[in-house]
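Results of the structural survey
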Amino acid sequence: MGCSMGDDIVLEVKGLWKVFHIGFFRKRVEAVRGTSFAVKRGEIFGLLGPNGAGKTTTIKAILRLIFPSKGEIRIFGRPANDQEAAKRIGYMPENPYVYQYLKPLEFLDLCGRLVAIPKADRRARSEEMIDKVGLRDAVDRPIGKFSKGMMQRIGLGQALLHDPELLVLDEPMSGLDPIGRKEVRDVLLEQRARGKTLLFTSHILSDVELLCDRVVIMQQGEITSEGQVHDLLKSASRRVEIRLSSASRALKDSLGSRGSILDDGDGRLTLQVEGQKAVEEIIRISTAAGAKLDAMIPERQTLENLFLKDAGR
């Protein structure tokens, strides 16, 4: 699943393993197991998976917040510990930690100092970020009084403050209402339009489907699916609802092993079937048995459907 190094590759992860030893008896826990993927310049890349799949561990290894047990990570063609590469990254953790008594502009000014933004530019950049993430009405409020959604907004603001080329965002939609999610989506799409590269995790799969160019799905520390979103949805087996009338008891019995079936009475049957071949076979058998095909309704495949099927496997 890895990609060869090239000018269009911003982030490359090869054979990443991370093993923790937990508790008194040093129990071995493999949080990430041989993960490989690459993120291309100018795309939005989604890292998906249930809790405990290894997403945040992978991100922390990329950012050198923890050290890999094995594997290679390269950012802008440089090793992950290269300071010049690190300066070109903006990071938003899942639970941003801020000094509770600072106001938004004070906090952003502090972040600007940490990334060496000149004093003359810090105020203007901070004001711009306040407007970009929708916190102008809270500019005089201590951050400790912020809601979860507002904390996410200030966390996004500090990640964008120094205009990084690569944005790494861990659950950026967490705690936001639908309006807030729409506003954050617009910010992320604006960053991509400016040529930035984005890597983010999210449990809100509808947002991932709208935003991401490519995704990987992780389960128990391993990548189980990878590709462009529309290709994954196109290739996934699609469920179809078939409605029949004038169906005999014998037909119902013969179809019972071919999919989920509901007897609506008076010879009406509703079947849930997956796959084009199975659909064609059921239609052939039903019409030969004298049943009438009333409706055939394909289910719209979504990333959530694919995610749940992948988790089931």
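Read on for an overview of the structure. (Residues numbered from 1 in each chain as written. Predicted model: local features only at pLDDT ≥ 70, side-chain atom pairs only at ≥ 80, totals over all residues. Heavy atoms only, no water.)

Things to note about the sheet that holds strand β5 (residues 78–79)
Sheet architecture is open: four strands sit in the order β2-β1-β4-β5, paired in antiparallel fashion. Each edge of the open sheet carries a strand with a single partner, namely β2 (27–40) and β5. Of the pairings in the sheet, the one linking strand β4 (residues 70–75) to β5 comprises two bridges and is antiparallel in character. By the bridge assignment for β5, I75 is matched with R78. Contacts from helix α1 (residues 55–62) reach β1 (9–22), β2 and β4 within the one sheet, and its direction differs from that of β1 by about 115°. (Pairing = 2+ DSSP bridges. Helix = DSSP H or I, 4+ residues; strand = E, 2+ residues; numbered from the N terminus. Contact = heavy atoms within 4.5 Å. Axes fitted to C-alpha atoms, helices over the stretch in contact; angles between N-to-C directions.)

Remarks on the packing of helix α3 (residues 104–114) against helix α4 (residues 119–132)
Relative orientation of the contacting elements α3 and α4 amounts to 125°, with a least axis distance of 9 Å. It follows from the interaxial angle that α3 and α4 lie oblique. Regarding α3 and α4, the two cross each other, and that crossing is right-handed. Contact with α3, carried on its side by P104, L105, L108, D109, G112 and R113, involves R122, R123, S126, E127, M129 and I130 of α4 and no other residues of that element. (Parallel < 35°, antiparallel > 145°, perpendicular 65-115°, else oblique. Left-handed = near helix turned anticlockwise from the far one by under 90°.)

A short note on the packing of α3 against helix α5 (residues 148–160)
In contact at an axis separation of 10 Å, α3 and α5 are set at 35° when each is read in the N-to-C sense. When you trace α3 past α5, the crossing you get is right-handed. Only I154, G157 and Q158 of α5 make contact with α3, whose side of the interface consists of P104, F107, L108 and C111. Its residues placed into classes, the contact of α3 with α5 shows five nonpolar, two polar and no charged. (Nonpolar A, V, L, I, M, F, W, Y, C, P; charged D, E, K, R; others polar.)

As for the pairing of strand β7 (residues 166–170)
Side chains on a regular strand alternate between the two faces of the sheet. With five of five residues buried, β7 lies mostly within the body of the structure. Residues L166, V168 and D170 point to one face of β7 and L167 and L169 to the other, with burial holding for every one of them. The pairing of β7 with strand β8 (residues 197–201) spans five bridges and is parallel. If you follow L167 over to β8, its bridge partner there is L198. Handedness of the β-α-β unit built from β7, helix α6 (residues 178–193) and β8 comes out right-handed. (Buried < 20%, exposed > 50% of the residue type's maximum accessible area, 1.4 Å probe, protein only. Right-handed = clockwise from strand over helix to strand, strands pointing away.)

A word on the sheet that holds β7
Pairing in this open sheet of six strands is mixed, and the strands run β6-β7-β8-β3-β9-β10 from one edge to the other. Each edge of the open sheet carries a strand with a single partner, namely β6 (89–92) and β10 (222–228). This sheet shows a mean twist of 15° between the axes of neighbouring strands, independent of strand direction. Sheet contacts for α5: β6 and β7; angle to β6, the most-contacted strand, approximately 170°.

Some details on the pattern of salt bridges
Per the counting criterion, the structure on display carries 24 salt bridges. The salt bridge involving E226 is made with R214; its shortest N-O contact spans 4.0 Å. Pair noted here: E226 is in strand β10 and R214 is in strand β9 (residues 214–219), with a separation of twelve residues, a long-range link. A residue is classified by how much of its surface remains accessible, and R214, at 9% relative accessible area, is buried. The partner of K252 in a salt bridge is D263, and the shortest N-O contact between them spans 3.1 Å. (Salt bridge = Lys/Arg side-chain N within 4 Å of Asp/Glu carboxyl O.)

Quick notes on unusual backbone geometry
The phi angle at Q220 is positive, at roughly 50°, despite the residue not being glycine. Locating Q220 in the fold gives a position in the loop between β9 and β10. Since its relative accessible area comes to 61%, Q220 is described here as exposed. In this model, S246 sits at a positive phi of 55°, which is unusual for a non-glycine residue. Mapped onto the elements, S246 comes out in the loop between β11 (239–245) and α9 (249–255).

Treat this as a map of the structure, not an account of what it does.
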